[in-house]
Amino acid sequence: MSEYSRSPRQPRKRQSGSTAKGAARGRSAGKSASKRGAGARFAGSTKPSQPTKLPKRPAGPPVDVHDPEGVRLQKLMAAAGVGSRRVCENLIEQGRVEVDGQVVTELGVRINPRTQVVHVDGERVNLDEDRVYLAFNKPKGVVTTMNDELGRVSLADYVGNREQRLFHVGRLDADTEGLLLLTNDGDLAHRLQHPSHGVLKTYLATVRGPVGKDVGRQLRQGVELEDGPVQVDSFKVVDSQPGKAIVEVVLHEGRKHVVRRMLESVGHPVVELVRTEVGPIRLADLRSGRMRRLNKAEVGALYKAAGL
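Report follows, based on the coordinates.

Thresholds applied
- Residues numbered from 1 in each chain as written.
- Predicted model: local features only at pLDDT ≥ 70, side-chain atom pairs only at ≥ 80, totals over all residues.
- Heavy atoms only, no water.
- Core = buried A, V, L, I, M, F, W, Y, C linked by side-chain atoms within 4.5 Å.
- Buried < 20%, exposed > 50% of the residue type's maximum accessible area, 1.4 Å probe, protein only.
- Salt bridge = Lys/Arg side-chain N within 4 Å of Asp/Glu carboxyl O.
- Helix = DSSP H or I, 4+ residues; strand = E, 2+ residues; numbered from the N terminus.
- Pairing = 2+ DSSP bridges.

## Focus on the nonpolar core
Part 1 of the reasoning: Residues Leu 182, Val 207, Leu 219, Phe 235, Val 247 and Leu 263 are the most contacted members of the largest nonpolar core, which totals 32 residues.
Part 2 of the reasoning: In terms of nonpolar packing, the next biggest core, distinct from the first, is built from 19 residues, Ala 135, Leu 181, Leu 188 and Leu 294 among them.

## Some points on the pattern of salt bridges
Part 1 of the reasoning: Taken as a whole, this structure holds 13 salt bridges when the rule is applied.
Part 2 of the reasoning: A salt bridge links Asp 130 to Arg 114; the nearest nitrogen and oxygen atoms lie 2.6 Å apart. With Asp 130 in the loop between strand E6 (123-125) and strand E7 (133-138) and Arg 114 in the loop between strand E4 (110-111) and strand E5 (118-120), this pair connects stretches of sequence that are 16 residues apart.
Part 3 of the reasoning: You can call Asp 130 partly exposed: its relative accessible area is 38%.
Part 4 of the reasoning: Notably, a salt bridge pairs Arg 261 with Glu 226, separated by 3.1 Å at the nearest N-O pair. Taken together, the positions of Arg 261 in helix H7 (residues 258-265) and Glu 226 in the loop between strand E11 (223-225) and strand E12 (228-230) put the pair 35 residues apart, joining distant regions of the chain.
Part 5 of the reasoning: For Arg 261, a relative accessible area of 17% puts it in the buried group.

## A few points about the pairing of strand E10 (residues 201-208)
Part 1 of the reasoning: Along E10, six of the eight residues are buried, which leaves the element largely enclosed by surrounding structure.
Part 2 of the reasoning: Both E10 and strand E14 (residues 244-251) contribute to a ladder of eight bridges, which runs antiparallel. Counted as the bridge partner of Thr 206 is Ile 246 from E14.
Part 3 of the reasoning: Two strands pair when backbone bridges link them, and E10 and strand E15 (residues 270-278) are joined in this way by seven bridges, in the antiparallel orientation. Counted as the bridge partner of Ala 205 is Leu 273 from E15.

## Side note on the sheet that holds E6
Part 1 of the reasoning: If you trace the four strands from one edge of the open sheet to the other, you get E3-E2-E5-E6, paired in antiparallel fashion. The sheet is open, and its two edges are formed by strand E3 (102-103) and E6, each paired on a single side.
Part 2 of the reasoning: Two elements, E5 and E6, share three bridges in a ladder whose sense is antiparallel. Its bridge partner lying in E6, Val 120 is registered against Glu 123.

What follows is the structure, encoded as C-alpha cells:
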C-alpha cells in the first residue's frame, strides 16, 4: 500500500536518519535556489543575492497651486462628474489628484478652473463648464467653414446660432461626409489635427475594384504625392463586390484631399468617402446632419490622445 492510499489510522512511516538528512539538504538547496531566482527579477542587479534598486527621479521644487480666490478643488471635481463630493475628497487625500502637475493632498486647496489643469489618476478632467465638445455627422455637400463666400451650405447653418465660437477639428471636403469634431477648446483642436501628435483618423472609402493584395503594402510603405510622401497607419479591405470595394484607411495626416489622392495614386479612385473615427471618438449610429455632446469620458479620452 502506498503512502497516499493508507488509512488515516495507519501511522506515517519514519524515515531513516540518512534519508531524513538528505531530504533536509534538498529542502535547504531548494530555498537557496528560490532566493537566487528571485534576485534576478530586480532590474539592474549585479549579484543574485544583492539586487540594486532603480534610481529615483529627482523631484522638482514644489509649486503652490492654491488660489485664494478660486473654488474648492473637490467641489469642482464633483461638478465635473468625477464622483460625489466625498469620493473626490478621498481621491485628494489618497494623492491621486494633480493640479498643474503637482500632487494635491489637502482638502482646503482652491483653484481657478479656467486657467489650471487637473488630472485624476493621470486622466485630465474638464472643469470649465463653458467648454463645448460636439460630434457632428457632416452630410455630403456641406462646406467645412463657418462663412462661405459662395453661399453654399456650411457649418454655420448648423451651429451658427451658438454663443460660443466653435473650431472644427480638421476639415472634410464637400464630397466627404462623416465625423467632424467641433469645440471652443482651441488648444485641444490644434493638437488633435496636427500630425505631430499622431491622433489617428479612420475613413471608409468606396473605390473602384477589385483591390490587389499589394495595395495595402504600397500604402503602408508610403506613396509620393505632389506635396511630398505619405503613408497610412493601417489599411484593409472591408468588402469586395464586382467593380468596386470598400476599404478602411487609418492615418494621422491631415493634408487636403489626402485620402482621395493617395488611393488614386495606387489606381483606385474614390467613389464615396466617410470619416468614421477621430482618435477615440466614433461616428457610430449618429445620423447625418445631427450632432451630440461628447460625454465626460470621451472628452477625457480626447485629452489623453492629444497629450494634454
